[in-house]
Amino acid sequence: MSEVKEQGVIAGAENDSENLLVVRNLKKYFPIKSSFFKMTVGNVKAVDGVSFSIKRGTTMGLVGESGCGKSTTGRTILRLQEKTEGEVIFDGQDIFKLSKEELRKLRPRIQIIFQDPYSSLSPRLPIGEIIGEAVREHNIVPKEEIDDYITRVMEACGLQEWHKNRYPHEFSGGQRQRICIARALALNPEFILCDEPVSALDVSIQAQIINLLRDLQKQFGLTYLFISHDLSVVEHISDTVGVMYLGNMVEYSETEKIYSKPLHPYTMALFSAIPVPDPDYKMNRIVLQGSIPSPANPPSGCKFHTRCEKCMEICKTVSPEMREVEPGHFCACHLYDPDLDKTATSADTAKTEEKPADKTPDKEIAIEKETAGKESAKEKPADDPSKKDNGKSKGKKK
């Protein structure tokens, strides 16, 4: 139950034929340059040791707050950005060890759907040309079949043939996102990175796009990495879910397990914010205190300890390891460390033993002071009558 896996991924996962993508200890740092000498004075740790695997034909959801490194993780996996450290193994090949020619041959198999469909489409090209440009470049089909091929791809994504000659500004937001999906689908990919593809759309249009992605997955056997901050959408489309916080993966499991029984305190707080469509239901909202620390200067130990209600002393100094708490359910938290219980109990016992020893002398001193005060109070009335008699006798003599 408490067996530690190597960076959260089962050892030998890259050799498993079921896994299309395996990410191991991926890091992406952005250097901070000084203004005058242009020297590196620090690093923004956008992605700091992320590990997971995705099986063929499944969808993994990646969730977390804005700025936690979700999109940077996706772009680094596709090698749109160079890594700082780690491995990205796609179908048995390390993407970062491929030459330019080998990477160019691999490009049609890994595609991306961007968050903003309007800015990711060229405003100077018609839709037919946008979808067919990469098809011609990579020789997906013979030249004489390109036009019919583009039509079939557009119809599979809910677009009409007469849309070919129209420009992006003539479409709505949902139609533009369908164009982006068609552009990615036209290259016959095996893996598609969906970088918040429905965050800029209305709720009704979101449902249409999500259903379209699921239908295309069944039809073409696609594998998705679905990045989003909408937890309800992720629950609907994903088979497995990974939760990120400040560049680290804090929890990873199957969708049903992680939504029914979240383990990490951050995951609990995140899921407590999911709105429930019932006005009579009382939400047990967990409100996190403080703000997210800077990725350029993250706190020591567990990065979440500055906002965690269950923080312990070890959380401030020691970074937790990703552990398999339940079968297939991984969590990076000291609360599930079996060796920590013994340490915590011994520390608490030592504190309790020290407290009485420290307090006993204080009590004895206080008792001694009280008794001394009482004795002095008793002695004073015995002296007072003599003093009064002396005064009276003096007066009589006078």
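Presented here is an overview of the structure given in this document. Remember, it's a predicted structure, so these values are computed and weren't measured experimentally. (Residues numbered from 1 in each chain as written. Predicted model: local features only at pLDDT ≥ 70, side-chain atom pairs only at ≥ 80, totals over all residues. Heavy atoms only, no water.)

Focus: empty space enclosed by the protein
A water-sized probe rolled over the atoms picks out the places where empty space is left. All told, the structure shown has 1 cavity of 30 Å³ or more when counted by the stated rule. Estimated volume of the largest cavity: approximately 90 Å³. Forming the boundary of the largest cavity are 14 residues, of which Cys302, Cys308, Cys315, Cys333 and His334 lie nearest the centre. Here the residues of the lining of the largest cavity are counted per class, giving 10 nonpolar, 3 polar and 1 charged. (1 Å grid on protein atoms, 1.4 Å probe; cavity = no way out; pocket = protein on both sides within 12 Å on 5 of 7 lines; lining within 4 Å. Points joined across faces, edges and corners; volume = space filled by probe spheres on them. Nonpolar A, V, L, I, M, F, W, Y, C, P; charged D, E, K, R; others polar.)

Some thoughts on the packing of helix α5 (residues 173-185) against helix α6 (residues 203-220)
Helix-helix packing: each pair is described by the crossing angle between the helix axes and the interaxial distance. Interhelical geometry of α5 versus α6 gives an angle of 15° and a closest axis separation of 10 Å. Taken as axis vectors, α5 and α6 run roughly parallel relative to one another. Seen along the crossing, α5 lies across α6 with a hand that is right-handed. Within the contact between the two elements, α5 uses Gly174, Gln177, Arg178, Ile181 and Leu185 and α6 uses Ile205, Gln208, Ile209, Leu212, Leu213, Leu216 and Phe220. Class assignment of the residues belonging to the contact of α5 with α6 gives a composition of 8 nonpolar, 3 polar and 1 charged. (Axes fitted to C-alpha atoms, helices over the stretch in contact; angles between N-to-C directions. Helix = DSSP H or I, 4+ residues; strand = E, 2+ residues; numbered from the N terminus. Parallel < 35°, antiparallel > 145°, perpendicular 65-115°, else oblique. Left-handed = near helix turned anticlockwise from the far one by under 90°. Contact = heavy atoms within 4.5 Å.)

Considering the sheet that holds strand β1 (residues 19-33)
Read across the open sheet, the 4 strands follow the order β2-β1-β4-β5; overall the sheet is antiparallel. Each edge of the sheet is formed by a strand with only one pairing partner; in this case those strands are β2 (40-55) and β5 (93-94). Pairing geometry for β1 and strand β4 (residues 85-90), over 5 bridges, is antiparallel. Bridging across to β4, lysine 27 finds its partner in glutamate 85. Strands in contact with helix α1 (residues 70-77) are β1, β2 and β4; relative to β1, the strand with the most contacts, it is inclined by about 115°. (Pairing = 2+ DSSP bridges.)

Notes on α6
For the α-helix, the turn length of 3.6 residues means that residues three or four positions removed from each other point alike. For α6, built from 18 residues, the straight-helix expectation of 26 Å at 1.5 Å per residue is met to within 8% by its first-to-last C-alpha distance of 26 Å. Among the residues making up α6, those that are buried are Gln206, Ile209, Ile210, Leu212, Leu213, Leu216 and Gln217. On an axial view of α6, the arc spanned by its buried residues comes to 155°, and they lie on one face. Away from the buried face of α6 by more than 90 degrees, exposed residues Lys218 and Gln219 are located. One or two residues past the end of α6 sits glycine 221, with phi positive at roughly 65°. (Expected span 1.5 Å × (residues − 1). Buried < 20%, exposed > 50% of the residue type's maximum accessible area, 1.4 Å probe, protein only. Arc of directions from axis to C-beta.)

Focus on a negative patch on the surface
A surface patch of like charges, here negative, comprises Glu144, Glu145, Asp148, Glu155 and Glu161. Counting through the fold element by element, aspartate 148 comes out in helix α4 (residues 146-156). (Patch = residues over 30% accessible without salt bridge, like charges linked within 9 Å, V, L, I, M, F, W, Y side chains within 5 Å. Areas by Shrake-Rupley, 256 points an atom, 1.4 Å probe, with all protein chains shown as cover. Salt bridge = Lys/Arg side-chain N within 4 Å of Asp/Glu carboxyl O. Lys, Arg positive; Asp, Glu negative; His and termini not counted. Charge placed at Lys NZ, Arg CZ, Asp CG, Glu CD.)

Describing the nonpolar core
If you look at the biggest cluster of nonpolar residues, it comprises 55 residues, and the most contacted ones within it are Ile113, Ile181, Leu213, Leu216, Phe226, Val243 and Tyr259. Of the residues forming this core, the biggest block, 6 residues, is contributed by α5. Residues contacting tyrosine 259, with those up to four places away along its chain left out, are Leu231, Val234, Glu235, Val241, Phe271 and Ile274. (Core = buried A, V, L, I, M, F, W, Y, C linked by side-chain atoms within 4.5 Å.)

Concerning the side chain of arginine 183
Topologically, arginine 183 is positioned in helix α5. One buried charged residue, arginine 183, forms no salt bridge at all, with the nearest opposite charge on glutamate 133 at 7.0 Å. Other than its neighbours up to four places away in sequence, arginine 183 contacts Phe114, Ser120, Leu121, Ile130 and Ile131.

A closer look at the pairing of strand β9 (residues 240-245)
Here β9 lies mainly inside the structure; 6 of its 6 residues are buried. Of the two faces of β9, the one lined by Thr240, Gly242 and Met244 and the one lined by Val241, Val243 and Tyr245 are each fully buried. Inspection of the sheet shows strand β3 (residues 59-63) paired to β9 by 4 bridges, in the parallel sense. The residue of β9 that forms the bridge with methionine 60 is threonine 240. As paired elements, β9 and strand β10 (residues 248-254) share 6 bridges and run antiparallel to each other. Bridged to methionine 244 within β10 is methionine 249. Counting the residues between successive antiparallel strands, the hairpin from β9 to β10 contains 2 residues, one of them, leucine 246, with a positive phi of roughly 50°.

Some remarks on unusual backbone geometry
Unlike most non-glycine residues, asparagine 188 shows phi in positive territory, near 55°. Structurally, asparagine 188 is set in the loop between α5 and β7 (191-195). Of note, leucine 246 is a non-glycine position whose phi angle comes to about 50°, a positive value. Tracing the backbone through its elements, the reader meets leucine 246 in the loop between β9 and β10.

Description of the sheet that holds β7
Read from one edge to the other, the open sheet built from 8 strands follows the order β6-β7-β8-β3-β9-β10-β12-β11, with strand pairing classed as mixed. At either end of the open sheet lies a strand with only one pairing partner, and these are β6 (110-113) and β11 (323-326). Taken over all neighbouring pairs, the strand axes of this sheet differ in orientation by 20° on average, direction set aside. Packing against the sheet, α6 makes contact with β3, β6, β7 and β8 (223-227), and its axis sits at approximately 155° to β8.

Details of the side chain of lysine 303
Mapping lysine 303 onto the fold places it in the loop between α9 (265-271) and β11. Polar side-chain contacts of lysine 303 include one of 3.2 Å to the backbone oxygen of leucine 246. With residues near it in sequence (within four places) discarded, lysine 303 still touches Asp48, Tyr245, Leu246, Asn248, Pro293 and Pro298. (Polar contact = N/O pair within 3.5 Å; in protein donor to acceptor, adjacent residues only side chain to side chain.)

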